[in-house]
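Here are the chains, one letter per residue:
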Amino acid sequence: MTDNYFNSKRFKRILNQYEESEKTGTPVFLDSDEFTDIAEYYQGKGETARACDVVDYALSIYPDATAPLVFKARMALFKQDNVRLAEQIAESISDKTDLEYIYIMAEIMIADNRVEEADEYLNEKYNDIDDAEREDFVLDVVTLFCDYELSEQADAWLQRAEETDTLDYKELMGRILMGKGRYTESERLFNELLDQDPYSNHYWNCLASSQLLNNHIQDAITSSEYSIAINPDDDEAVLNKANALFNLGNYEDALEYYKRFTALRPDEDTGEMYQGITLLSVNRLEEAVEHLTKAEQMSDGKSPNHAEICQELAFTLSRLHRMDEALAYIDKTDTNMCDANELMVLRGHVMLENGYYEQAQLCFSTAVKDSGASPHVYLRIAISVYDNGYIRLAYKMFNILFKAVDEHWNEGFSYMALCCKDLGKQDEYKKWLQKACTTNPAEARTVVGELFPPEMPPEEYYLNAELN
């Protein structure tokens, strides 16, 4: 359901009828789809409990209706993390030929990491669908795979589309290109779409997302501002702008937009998590712990953000020298959502930061061994060593790492540049900074961006690099 529909006179009339009915207790005569639209509207505002109440009321009137059952199944899937319950609810839909039934069954499979099974299931259903409905079916399936960032599957399905000049086709192609890392092409498509519909929040948000990923941070801020001007309560636009400001190192303004996002989506842990990370970045550690702890409680161990929240709590508590609490959060991190060897590196980091040198060394060596001497694990260790102030050792470690990786490697050069800067190695500093800026400008902005004016693109850092 689009924001355009929720802003329409028709929907506002339906919503007003329902809310007046709530106030007065008089019955309201709406069909099951209209009730579900209201539920989706409340869900979009972060009012999950209210949305579920609407659906339960709809099902009390229309117990076999497809739309509210699909909504209820999705709530079981995402809010309760209960695949079996979602399947049970979906199977109660009586019309198994209804496309919405097919879509929710496929979505449940995808959410349960049964992507190949979902693809096969959708292929079977495609063969049963009338020719007149196939084009819409293809676009709906592509949208589903795009929503789960499954670009390869989405692209394969989009090849079946016959109408390649429609807005829907171009939008989906733009999302697929973004998912494949072809950001410049994606930006071009969304700019074309905006030429045709300059008041589309969705297009502005997609453009901003692609610009963020392409490290076009100022452009992403501009696109987000256009979206916010159209709809000040567009939570995606607010989050995009917050992320862009954070990327620029403008933490105070980023924090304000993360607060704004949290107010728009109070039932999600995302806003609290990002507030905590931002506060950590400005060394407001106690406040960071407060927000991260709230995010962890909201995530209930089921959110996709849970692993990151626990790791950020471990970093923050370690900086406060609350080592036991930090280690407890590492223990709480689900290894299905995070690499076990990287968690071992984090454990070593906490030990090192708190003066337990031998234990830290044991953690680091275990991670290297168990990972098969993974260069990514070794990189994480070298960064930890640098962050803990062992500059000469970090310098040696980065040298060893860069001799062992191939010419396509592009991580860690910014940290090596900092090592050289701290050690007074001017020529090496400029050499590694140039390599960082040309091969991984996003990392360069994050790691060394505070040394340069915020408006300066990372590609220009090395041209302005001096030791002091």
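Before reading further, recall that the structure is shown in the block above.
Summary of the structure given here. Sequence order as written defines the numbering, with residues in each chain counted from 1. Local features in this predicted model are restricted to residues whose pLDDT is 70 or higher, and side-chain atom pairs enter the listing and the counts only when it is 80 or higher, whereas totals over whole chains, interfaces and linings include all residues. Side-chain metrics rest on all non-hydrogen atoms present in the structure, leaving aside hydrogens and water.

A closer look at unusual backbone geometry
Glycine aside, the phi torsion of most residues is negative, and most peptide linkages are trans. With phi around 65°, Asn215 is a residue other than glycine that occupies positive phi space. Only DSSP runs of H or I covering at least 4 residues are called helices, and only runs of E covering at least 2 are called strands; the numbering of each starts at the N terminus. Mapped onto the fold, Asn215 is located in the loop between helix H13 (201–213) and helix H14 (217–230). The phi angle at Ala373 is positive, at roughly 60°, despite the residue not being glycine. Examined against the element boundaries, Ala373 turns out to sit in the loop between helix H22 (357–370) and helix H23 (375–387). A residue is classified by how much of its surface remains accessible, and Ala373, at 51% relative accessible area, is exposed. Categorising residues by exposure relies on relative accessible area from a 1.4 Å probe, with only protein chains included: less than 20% of the type maximum marks a residue as buried, more than 50% marks it as exposed, and the intermediate range marks it as partly exposed.

Here's the deal with the pattern of salt bridges
Pairing is possible between side chains of opposite charge, provided their charged atoms come close. A carboxyl oxygen of Asp or Glu within 4 Å of a side-chain nitrogen of Lys or Arg is what we treat as a salt bridge. Tallying each qualifying case throughout the model produces 31 salt bridges. The partner of Asp56 in a salt bridge is Lys72, with the nearest N and O atoms 2.7 Å apart. Of this pair, Asp56 sits in helix H4 (residues 48–61) while Lys72 sits in helix H5 (residues 66–78), and the two are 16 residues apart along the sequence. With a closest N to O distance of 2.9 Å, Lys332 and Glu296 form a salt bridge. Separated by 36 residues along the polypeptide, Lys332 in helix H20 (residues 323–332) and Glu296 in helix H18 (residues 285–299) bring together distant segments of the chain. You can call Lys332 partly exposed: its relative accessible area is 43%.

Considering the environment of Asp112
Summarising the element assignment, Asp112 is placed in the loop between helix H7 (99–111) and helix H8 (115–128). When sequence neighbours within four positions are dropped, the list of residues in contact with Asp112 reads Val83 and Arg84. By definition in these notes, contact holds between two residues if any of their heavy atoms fall within 4.5 Å.

Looking at helix H21 (residues 340–353)
Note on helix geometry: an α-helix contains 3.6 residues per turn, so any two residues three or four positions apart are oriented the same way. Multiplying 1.5 Å by the helix residue count minus one yields the expected span of that helix. End to end, H21 covers 20 Å across 14 residues, agreeing with the expected 20 Å (1.5 Å per residue, within 8%). Of all 14 residues that make up H21, 10 are buried, and the element is covered over most of its length. Tucked inside the fold, the buried residues of H21 contact helix H19 (306–319), H20, H22 and H23. After H21 finishes, the residue Gly355 shows a positive phi value of roughly 90°.

Remarks on the environment of Asp331
Mapped onto the elements, Asp331 comes out in helix H20. What makes Asp331 exposed here is its relative accessible area of 55%. Distance in space between the C-alpha atoms of Asp331 and Asp267 is 25 Å, their sequence separation being 64 residues.

Regarding the nonpolar core
Ranked by internal contacts, the top residues of the largest apolar core, which has 64 residues, are Ile38, Leu122, Phe137, Val142, Phe145 and Trp157. For this core, the element with the most residues is H7, which contributes nine residues. When neighbours within four sequence positions are excluded, Phe137 is seen to be in contact with Leu99, Ile102, Tyr103, Leu122, Lys125, Tyr126, Ile129 and Trp157. Counting residues in hydrophobic clusters, the runner-up holds 61 residues, among them Ala360, Leu401, Phe413 and Leu433. Here, nonpolar core means buried Ala, Val, Leu, Ile, Met, Phe, Trp, Tyr and Cys residues that are tied together by side-chain atoms lying within 4.5 Å of each other.

Focus on a negative patch on the surface
Here a patch means residues that are over 30% exposed by relative accessible area and free of salt bridges, tied together within 9 Å if like-charged and within 5 Å if nonpolar (Val, Leu, Ile, Met, Phe, Trp, Tyr). In these tables, accessible area is a Shrake-Rupley quantity obtained with a 1.4 Å probe, and a residue counts as shielded only by the protein chains included in the view. Charged-residue counts in this description rest on Lys and Arg as positive and Asp and Glu as negative, His and the chain ends being excluded. To locate a charge, the coordinates of NZ of Lys, CZ of Arg, CG of Asp or CD of Glu are taken. A cluster of acidic residues, Asp31, Asp33, Glu100, Asp130, Glu133, Asp136, Asp140, Glu162, Glu163 and Asp168, forms a negative patch on the protein surface. Here the negative patch gets three residues from one element, more than from any other, and that element is helix H9 (residues 131–147). Structurally, Asp130 can be placed in the loop between H8 and H9. According to the relative accessible area criterion, Asp130 is exposed, its value standing at 52%.

Re a nonpolar patch on the surface
Together, Tyr57, Ile61 and Tyr62 make up an exposed nonpolar region whose accessible area comes to about 240 Å². Looking at the secondary structure, you find Tyr62 in the loop between H4 and H5.

Describing the packing of aromatic side chains
Stacked, edge-to-face and tilted labels apply to pairs of Phe, Tyr and Trp rings (six-membered ring for Trp) whose centres lie within 6.5 Å, assigned for plane angles under 30 degrees, over 60, and everything in between, in that order. Enumeration over the complete set of coordinates arrives at 22 aromatic pairs. One aromatic cluster is present, formed by Tyr386, Phe398, Phe402, Phe413, Tyr415 and Trp432 through successive ring pairs. Its end group placed over the ring of Tyr126, Arg134 keeps NZ or CZ at 4.5 Å from the ring centre. Look at NZ for Lys and CZ for Arg. If either is within 6 Å of the ring centre and within 35 degrees of the ring normal, a charge sits over the ring. Above the plane of the ring of Trp157 lies Arg160, whose end atom (NZ or CZ) is 3.9 Å from the centre.

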